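Next come the chains, spelled out residue by residue.
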Amino acid sequence: MSYNSYLLLDEKTVLFDTVDWSGCRQLLENLDHVLAGRSLDYLVINHLEPDHAGSIEEILLRWPDITLISNEKAFMLMRQFHFDVDDHEIIEVAEGDTFCFGTHTVTFVFAPMVHWPEVMCTFDATNGALFSADAFGTFGALDGKIFADEVNFDRDWLDDARRYLTNIVGKYGPHIQLILKKAGGILDQIKFICPLHGPVWRKDLMYFIGKYDTWSRYAPEEKGVMIAYASMYGNTESAAQALATRLCARGMTNVVMYDVSSTNVSTLISEAFKYSHMVLASVTYNLGIYPAMHNFLIDMKALNVQNRTVGIMENGSWAVKSGDLIQKFMNDELKGMTVLNERVSMASSLGPDKEAELDTLVDAILESMDKEKA
Ligand code: FEO
């Protein structure tokens with residue numbers, strides 16, 4: 001993924017955030033090139049997580065006369081990380097403060113918990129650049145590009161952008177809504193969104209703002225079914241495939257399937273955010289939920305997945321427990337999950353006697369989709 005740092009060449013020179021330690025050498029080379037002999041006057045720190053703050057100490061060593069600009073919480077964290085900030089000039093800013101670097105005047109807008117408590121965004125009213133910290137970031141390497149309109153974002157980046165947002169700040173949807181509200185007040189002035197990860201936005205800003213709004217409201221992006229299955233010998237998987245086939249045969253072809261044992265949980269979370277419906281198919285394991293499925297459920301709770309319609313398929317050779325346990329988890333641990341009553345319950349494998357149960361679950365999924373449409 002990319003770690004972005006931005007340099008403003010005004011009457012003063014200003015660096016907005018640094019990068020992970022692993023990218024420090026490249027940052028220093030880039031600074032040397034762009035500064036072209038000028039010194040570095042200011043370092044604005046919007047986010048203190050080490051993937052951005054990891055090179056602060058090196059910047060302080062190279063430019064000991066630099067002035068640091070950030071907020072109280074960020075300076076507290078810098079001291080916790082044992083950065084020598086108090087050997088340098090520091091300016092502590094508050095929400096709404098402004099600062100002028102020559103022709104460019106910036107405003108500091110706090111964005112707590114997007115993703116850490118100290119996070120702030122910096123808005124340059126002179127050119128409309130919003131330095132948005134982790135907000136509007138994405139996973140993925142830039143491969144020489146800088147702007148989102150230089151890539152096919154919808155085709156090549158959207159999945160990683162969703163995976164980034166949902167796994168990094170999925171838990172903090174209401175905090176994202178707050179910063180979207182603040183941005184809404186100056187929307188006509190924002191010309192560039194400059195995140196700390198991924199491409200810079202200078203066109204179609206509303207496309208990406210709209211995606212962030214959907215994700216942070218925990219609203220599904222698409223009507224469709226994510227089937228996540230945990231299978232030990234292929235029988236639960238086979239039943240999940242049979243369900244997918246029946247859904248598609250009935251016209252609901254927006255169906256995706258994931259083996260929870262071989263899929264990174266970050267992808268499972270991202271897909272859970274994307275689709276309106278989820279089917280969880282799990283074998284029973286030592287009278288419990290299969291561990292990889294249980295891990296997915298725990299991560300859903302941690303990242304606040306909510307407001308989805310859920311179907312359950314369970315399997316077991318002597319004591320089938322996984323369905324009840326998944327249902328209990330959905331009801332007790334997650335918010336706003338609607339669990340369909342029509343469960344498919346198998347003993348060891350799917351037999352012809354279960355066709356009616358499969359069809360009933362398909363009916364229930366399609367009916368609930370129709371209700372949501374109404
Ligand atoms: Fe990209 Fe929260 O750091």
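Residues numbered from 1 in each chain as written. Predicted model: local features only at pLDDT ≥ 70, side-chain atom pairs only at ≥ 80, totals over all residues. Heavy atoms only, no water.

*Asks:* Any details on the side chain of T214? Residues and values, ideally.
*Replies:* Tracing the backbone shows T214 in helix α7 (residues 205–216). What T214 contacts, discounting residues up to four positions off in sequence, is A219, P220 and E221. (Helix = DSSP H or I, 4+ residues; strand = E, 2+ residues; numbered from the N terminus. Contact = heavy atoms within 4.5 Å.)

*Asks:* How would you summarise the sheet that holds strand β10 (residues 192–194) if you had to cite specific residues and measurements?
*Replies:* Within the open sheet, the five strands sit side by side as β6-β7-β8-β9-β10. Their pairing is mixed. Of all strands in the sheet, those bounded by a partner on one side alone are β6 (98–100) and β10. Pairwise comparison of adjacent strand axes, ignoring direction, gives a mean angle of 20° for this sheet. (Pairing = 2+ DSSP bridges. Axes fitted to C-alpha atoms, helices over the stretch in contact; angles between N-to-C directions.)

*Asks:* A description of helix α6 (residues 173–184) should follow, citing residues and the corresponding values.
*Replies:* Along an α-helix, a turn takes 3.6 residues, which lines up residues three or four apart on a common side. Taking 1.5 Å of rise per residue, twelve residues should cover 16 Å, and α6 covers 16 Å from first to last C-alpha, within 8% of that figure. By the burial criterion, the buried members of α6 are G173, I176, I179, L180 and A183. Seen end-on, α6 carries its buried residues on one side only, within an arc spanning 120°. With respect to the buried face of α6, the exposed residues turned more than 90 degrees away are P174 and K181. Of the surrounding secondary structure, the elements contacted by the buried residues of α6 are β7 (105–110), β8 (120–124), α5 (153–168) and α7. (Expected span 1.5 Å × (residues − 1). Buried < 20%, exposed > 50% of the residue type's maximum accessible area, 1.4 Å probe, protein only. Arc of directions from axis to C-beta.)

*Asks:* Hey, could you go over the pairing of strand β11 (residues 222–230) for me, with residue numbers and the actual values?
*Replies:* Of all the nine residues making up β11, seven are buried; the element is thus mostly covered by neighbouring parts of the structure. Sheet analysis places β11 next to strand β13 (residues 275–285), joined by seven bridges and oriented parallel. For A230, the partnering residue across the bridge sits in β13 and is S282. With five bridges joining them, β11 and strand β12 (residues 255–259) adopt parallel strand pairing. Across the sheet, the residue bridging to Y229 is D259, located in β12. With helix α8 (residues 235–249) bridging β11 and the parallel β12, this β-α-β connection has right-handed handedness. (Right-handed = clockwise from strand over helix to strand, strands pointing away.)

*Asks:* So what's going on with the domain arrangement of the chain? Which residues, and what values?
*Replies:* As assigned here, the chain comprises domain 1 (6–216) and domain 2 (225–368). Taking only C-alpha atoms into account, the centre of domain 1 sits 39 Å from that of domain 2. Listed by partner, the interface residues are eight residues for domain 1 and twelve residues for domain 2. Surface buried jointly by domain 1 and domain 2 totals about 850 Å² across both partners, of which 51% is contributed by carbon and sulfur atoms. Counting the contacts that link domain 1 with domain 2 gives zero salt bridges. Considering every element that reaches the side of domain 1 that touches domain 2, the biggest residue donor is α5, with five residues. Broken down by class, the residue content of the side of domain 1 that touches domain 2 amounts to one nonpolar, three polar and four charged. (Domains from an automatic or database assignment. Buried area = accessible area lost by both parts, 1.4 Å probe. Salt bridge = Lys/Arg side-chain N within 4 Å of Asp/Glu carboxyl O. Nonpolar A, V, L, I, M, F, W, Y, C, P; charged D, E, K, R; others polar.)

*Asks:* Could you give an account of unusual backbone geometry, naming the residues involved and the relevant values?
*Replies:* A positive phi angle is found at A36, which is not glycine, with a value near 50°. As for its position among the elements, A36 is in the loop between α1 (24–35) and β3 (42–44). In this structure A36 comes out as exposed when scored by relative accessible area, which is 63%. Look at S348: it is not a glycine, yet its phi comes out positive at around 75°.

*Asks:* Report on the pairing of β13, specifying residues and quantitative values.
*Replies:* Extensive coverage of β13 is indicated by the burial of ten of its eleven residues. Bridge analysis of β13 against strand β15 (residues 309–315) gives seven bridges, and the strand direction is parallel. Residue pairing across strands places L280 opposite I312, the latter belonging to β15. When β13 meets strand β14 (residues 288–289), the two strands line up antiparallel, connected through two bridges. Each bridged residue has a counterpart across the sheet, and for Y285 the counterpart in β14 is G288. In textbook terms, the turn of a hairpin is the stretch between consecutive antiparallel strands, and for β13 and β14 this stretch comprises two residues, one of which, N286, has a positive phi near 50°.

*Asks:* Can you break down the packing of aromatic side chains residue by residue, with the values?
*Replies:* Per the counting criterion, the structure on display carries 20 aromatic pairs. The interplanar angle of 35° and the centroid separation of 4.6 Å between the aromatic rings of F136 and Y212 together place this pair among those described as tilted. Highlighted residues: F136 in the loop between β9 (129–131) and α5 and Y212 in helix α7, separated in sequence by 76 residues. Across the pair, exposure class does not vary: F136 and Y212 are buried alike. Between Y218 and F273, the aromatic rings sit 5.8 Å apart at their centres with planes inclined by 40°, giving tilted as the arrangement. In this pair, Y218 is assigned in the loop between α7 and β11 and F273 in helix α9 (residues 265–274), connecting sequence segments 55 residues apart. Like F273, Y218 is buried. Among the aromatic residues, those joined into a cluster by ring pairs are F136, F153, W157, W201, Y207, F208, Y212 and W215. (Phe/Tyr/Trp six-rings, centres within 6.5 Å; stacked < 30°, edge-to-face > 60°.)

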